[in-house]
Amino acid sequence: MRWFLTFLIVLLFGTCAHAQQLSIVSPPSGTIVYPGGSINLAVTVIPSTNMSAVEILGQLFNQPLVQTVSPFSFQTLIPNDATPGTYTVTAIGRTQDGRVLRSVPVSLVVERTEVPVSIEAAPAEIWLKYRGEQESISVYGNYGGETVQPLPSTRYQCVVQNPSIITMLQGCTVAAISNGSTTVQVLSGALSTTIKINVHTGLRGDYDGDGDVDTDDVNWLTSWRNEPVTPTGDDRDLNSDGKIDALDVRVLTTMCTRPRCAIQ
Amino acid sequence: MFPGCGNLPAELIDASSSAFSGILGKTSLTNADYTTLSTASGRAVKGVAADGTALLLVRLPIISTTTTTNPKARYTFTLFDEHGQIRPSNEVGAVGHPGVLHNDIVFTGTVETEYGARLDSRVTVAFKAPLDFARGLDDYSTLTRSVFLRVTSEIDGVPPLLVPVIVRRPPVVLVHGLWDSSASWNTFTPLMTKSNRETMNVKWPLFNYGKTDHSKGTADRTFLENAGRLSHYVAKAVAAEAQAERVAVSKVDFVVHSMGGNIVRSLSRIPTSLTVQNYRQGYVHKLITIGTPHLGSPLAQDLIRFENSCTAGYFDAAGMSPLNGAVSDLAGKGDGTALSAALKAMSPVVSPTALLAGRVSDAQMGNMSNFKAAASWICPDDPIVQNFTAAAYRNIVGDQHDGIVPVASALNKRQGEVWGDGASPGGKHSKSLGLLGIGGAPLLDPDGPVATKVMELLNLSVSASEFVQ
């Protein structure tokens, strides 16, 4: 049902190369905005078409922004109570002959105007049990008093002390490479905090780290099917074909430490 | 120190290991089993999370006072709280024979038991975590407390041994709702304030599931797909808490908003959520649902109807996608009828679950006509658009609702507290409903009545009347 609906939406909202295109031409995606600040969103239709209305939609705004007359330029305020974070906004419009056009979303990053007095990272310590296991580090700004809020990813960077043990994927996500302990330093301007990372990979295929390979591990691997592999090496990709799929599960069943993969 | 054991301390071992799982379920133990329980390596800990499931093996090193003519010496294990009082066993835990089934170590008023020491170097008993952490206001803002195992011997002149066991508050896992992100909890004070996260320089064990940006992370996936990811997340959260605090942890307290409750109730369909770690009982110690559509949402049902396809695209453009995954699973009339297959497949609402609902008034929906006007420019022919007014919206979601979820659905057709309608503000499903022109404070309002209630529920016994029994 949902695939059919998706197909229908594609038809209704037109994505063919030669069809009219609605675009948010400014501001560029990733623009940083502040609660209470103003922003101007400009939308174009190419080729020029008579539109009944063009709107800007997004959870950042308290209501749809509507214009019925070209040029479609939307001057508005970022709500004072906007929670810091990344939001997407999309332009949508209806041509006078009844076709609905829609833009590619652009993202706006809401940040606090204040600078945090300290930063915190979570989790405070990370344990990884197989090569390729990933863990994302969340970074929070402490703005004094009772206010602790996530820092936008543009405001910090993560540095690995020993890259032979873990690697840093996009953002602040670490992935296990080899056994050992190291640290990740999170830097935000003059502020920093440190997280300890421990990698202990045991028996191959023992994903839950309980000392054996059994049905629990098979179920666990099955639940990761069709997920992307960690590019720096991944113990879930048992046949090393760059995918986590049923073939890996089949390989794992041959590695069970008891008959019929029995759980002790 | 124990008779004849010199200065060797008692050893607390987390029993959630495959080394012990085959033994703990046996009704009759062999000598080899006893040897395993007494000597097999395991994770040494200081205590347990008060989740009613975590299990310790308490090993006492002894030099046997037994002889072939007197093969047994008896030891008595008695549990006390930190003040030396024998308290209701829900509060202190339970001690039992390691050979009985895990569930048979029951919380009765009796916390004293006797064992015949075997001709081993250690005597081993099982200690099962207390069911509740907080015992009233004294524990409201603390993270740990202690209980003691007092071990006495029948041997004359031998002083008793006290074995301290740290009891720690179970981890709390927050699960956000549809069209939302983990950032939705950022201002859910007091739970999320610094002072509550840090007590005695130890952070409150809070884990906030999901991405921090307003991505479509949960909306693009079905209940089942979301539950699979949540299962991995909780397993890691439990392991992290266990490692960091050196305690045995099996379960967590879930505080969930909206579809987060449906995802948690779908965990039972994920084989990996039943693990050695939680003795195959699942991860739920306590579930607190806030505005969860247990019986579905009629809005979801309407948005996926063919004749409202344009409006579905309109919602999608607004970052509230009904096109993939989750919304189809949320379809239901909210009164228990027309449930989606995914709603039917969830585990039942069972103890201990607290159900919190919100309600908005017609006055709070006064600006919905603005949304109707905007949507009408783009989707004038969709029937659903005509219902986007304060008066007509009840044609979609009924008379009592929080903007998306009928009260009956959030309460699973039970009686319960409902927030909203002036006297107790904070009844709107989520902040993002402002886009639809629905005003008022959201359920996750900072320092709102729901936030206060959640703190209370986290500190109540799972047997309290607030939880579905």
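Residues numbered from 1 in each chain as written. Chains lettered and ligands numbered in written order. Predicted model: local features only at pLDDT ≥ 70, side-chain atom pairs only at ≥ 80, totals over all residues. Heavy atoms only, no water.

Caption draft 1: Structural detail: the interface of chain B and chain A. Listed per partner, the contact involves 56 residues of chain B and 56 residues of chain A. When chain B packs against chain A, close to 4,900 Å² is buried across both sides, 55% of that on carbon and sulfur atoms. On the surface where chain B and chain A come into contact, there are 6 salt bridges. Put simply, chain B and chain A have 16 residue pairs in polar contact (both at pLDDT 80 or more) between them. Among the secondary structure elements, those contributing two or more residues to the side of chain B that touches chain A are α1 (18-24), α4 (194-197), α5 (223-245), α8 (309-317) and α11 (368-378) of chain B. Looking at the side of chain B that touches chain A residue by residue, the classes come out as 24 nonpolar, 21 polar and 11 charged. (Contact = heavy atoms within 4.5 Å. Buried area = accessible area lost by both parts, 1.4 Å probe. Salt bridge = Lys/Arg side-chain N within 4 Å of Asp/Glu carboxyl O. Polar contact = N/O pair within 3.5 Å; in protein donor to acceptor, adjacent residues only side chain to side chain. Helix = DSSP H or I, 4+ residues; strand = E, 2+ residues; numbered from the N terminus. Nonpolar A, V, L, I, M, F, W, Y, C, P; charged D, E, K, R; others polar.)

Caption draft 2: Looking closely at the sheet that holds strand β16 (residues 284-290) of chain B. Residue and element names in this part refer to chain B. Within the open sheet, the 6 strands sit side by side as β13-β10-β15-β16-β17-β18. Their pairing is parallel. Where the open sheet ends on each side, the last strands, each with one partner, are β13 (206-209) and β18 (418-420). With direction set aside, neighbouring strand axes in the sheet form an average angle of 20°. Note: strand β10 (residues 172-175) against β13, 4 bridges, orientation parallel. Looking at β13, one finds that Val-175 is bridged to Tyr-209. The sheet strands contacting α5 are β10, β13 and β15 (252-257), and the helix crosses β13 at an angle near 160°. (Pairing = 2+ DSSP bridges. Axes fitted to C-alpha atoms, helices over the stretch in contact; angles between N-to-C directions.)

Caption draft 3: Focus on α8 of chain B. Residue and element names in this part refer to chain B. Of all 9 residues that make up α8, 9 are buried, and the element is covered over most of its length. Every buried residue of α8 is listed here: Ser-309, Cys-310, Thr-311, Ala-312, Gly-313, Tyr-314, Phe-315, Asp-316 and Ala-317. Of the residues flanking the end of α8, it is Gly-319, one or two places downstream, whose phi is positive at about 85°. (Buried < 20%, exposed > 50% of the residue type's maximum accessible area, 1.4 Å probe, protein only.)

Caption draft 4: Highlighting the state of the cysteines. Counting across every chain of the model gives 3 disulfides over all chains. Across the disulfide from Cys-158 of chain A sits Cys-172 of chain A; the S-S distance is 1.6 Å. Looking along the S-S bond of the Cys-158 of chain A-Cys-172 of chain A disulfide, the torsion reads about -100°, which is the left-handed sense. Placement of Cys-158 of chain A in strand β15 (residues 157-160) and of Cys-172 of chain A in the loop between β16 (166-168) and β17 (173-176) is noted, with a sequence separation of 14 residues between them. Like Cys-172 of chain A, Cys-158 of chain A is buried. A disulfide bridge connects Cys-310 of chain B with Cys-379 of chain B, and the sulfur atoms are separated by 2.1 Å. Torsion about the S-S bond of the Cys-310 of chain B and Cys-379 of chain B cystine: about -75°, corresponding to left-handed handedness. You can see Cys-310 of chain B sitting in helix α8 and its partner Cys-379 of chain B sitting in the loop between α11 and α12 (394-397), a full 69 residues away along the chain. Note on accessibility: Cys-310 of chain B and Cys-379 of chain B belong to one class, buried. Taken N- to C-terminal, the disulfide-bonded cysteines of chain A are connected 1-2, 3-4. (Disulfide = S-S within 2.5 Å.)

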